[in-house]
Amino acid sequence: MEEIDVQQLGENIVKVLKTIYDPEIPVDIYELGLIYDVFVNENNDVKILMTLTSPNCPVAETLPMEVEEKVRAIDNVKGVEIELTFEPSWTKDLMSEEAKLELGML
């Protein structure tokens, strides 16, 4: 069985997260700061702690499912758990410089 580097797997997960966009803001969910944490254990089970721009976000149902499906499709990922949290609540301060630049906020 091929050993996969947990760090490499984490990087692959981030690459996939950067392909998922918030439908209201033309920036991917990673750069938006919606992903609070990505955990990968030695069994290659993945847990993603994420939030939405607001609790009544129109994609509250579909966005976490899209994240789960796309991460689950990565080679070597065994299981995926998405935990949705609103603590701390999302603010524009969580956005990367790149996202702020893209949205003309810098």
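Refer to the structure presented above.
The model shown is predicted, which means the values in this text are computed figures rather than measured ones.

Engineer: What's the story with the pairing of strand 3 (residues 80-84) in this structure? I'm lost.
Structural biologist: For a regular strand, the rule is simple: side chains alternate between the two faces of the sheet. With 5 bridges connecting them, strand 2 (residues 46-50) and strand 3 associate as parallel partners. Opposite Lys 47, over in strand 3, you have Glu 81 as the bridge partner. With helix 3 (residues 62-72) bridging strand 2 and the parallel strand 3, this β-α-β connection has right-handed handedness.

Engineer: Is there a simple way to explain the sheet that holds strand 3 in this structure?
Structural biologist: Across a sheet, strands are paired by hydrogen bonds formed along the backbone, either parallel or antiparallel in direction. Strand order across the open sheet formed by 3 strands is 1-2-3, with mixed pairing between neighbours. In the strand order of this sheet, the two ends are held by strand 1 (35-40) and strand 3, each with one partner. Along the sheet, successive strands turn relative to each other by an average axial angle of 15°, direction set aside. Sheet contacts for helix 1 (residues 6-17): strand 1 and strand 2; angle to strand 1, the most-contacted strand, approximately 145°.

Engineer: Can you walk me through the pattern of salt bridges in this structure?
Structural biologist: Close approach of charged atoms allows side chains with opposite charge to pair. Evaluation of the coordinates by the stated rule reveals 4 salt bridges. Among the ionic pairs, Lys 18 bridges to Glu 31, the shortest N-O distance being 3.0 Å. Residue Lys 18 is located in the loop between helix 1 and helix 2 (29-32), and its partner Glu 31 is located in helix 2; the two are separated by 13 residues in the primary sequence. With relative accessibility at 33%, the residue Lys 18 sits in the partly exposed group. Its salt-bridge partner being Arg 72, residue Glu 68 comes within 2.5 Å of it at the nearest N-O pair. Linking Glu 68 with Arg 72, this pair stays in helix 3, spanning 4 residues, or about one helical turn. Given the relative accessible area of 26%, Glu 68 is considered partly exposed.

Engineer: Just to check I follow, could you spell out the environment of Lys 70 for this structure?
Structural biologist: Structurally, the position occupied by Lys 70 is in helix 3. Classification of Lys 70 as partly exposed rests on a relative accessible area of 33%. Lys 70 sits 54 residues away from Val 16 along the chain, and the two C-alpha atoms are 6.9 Å apart.

Rules of the game
- Residues numbered from 1 in each chain as written.
- Predicted model: local features only at pLDDT ≥ 70, side-chain atom pairs only at ≥ 80, totals over all residues.
- Heavy atoms only, no water.
- Pairing = 2+ DSSP bridges.
- Helix = DSSP H or I, 4+ residues; strand = E, 2+ residues; numbered from the N terminus.
- Right-handed = clockwise from strand over helix to strand, strands pointing away.
- Axes fitted to C-alpha atoms, helices over the stretch in contact; angles between N-to-C directions.
- Contact = heavy atoms within 4.5 Å.
- Salt bridge = Lys/Arg side-chain N within 4 Å of Asp/Glu carboxyl O.
- Buried < 20%, exposed > 50% of the residue type's maximum accessible area, 1.4 Å probe, protein only.

That is the geometry; function is a separate question.
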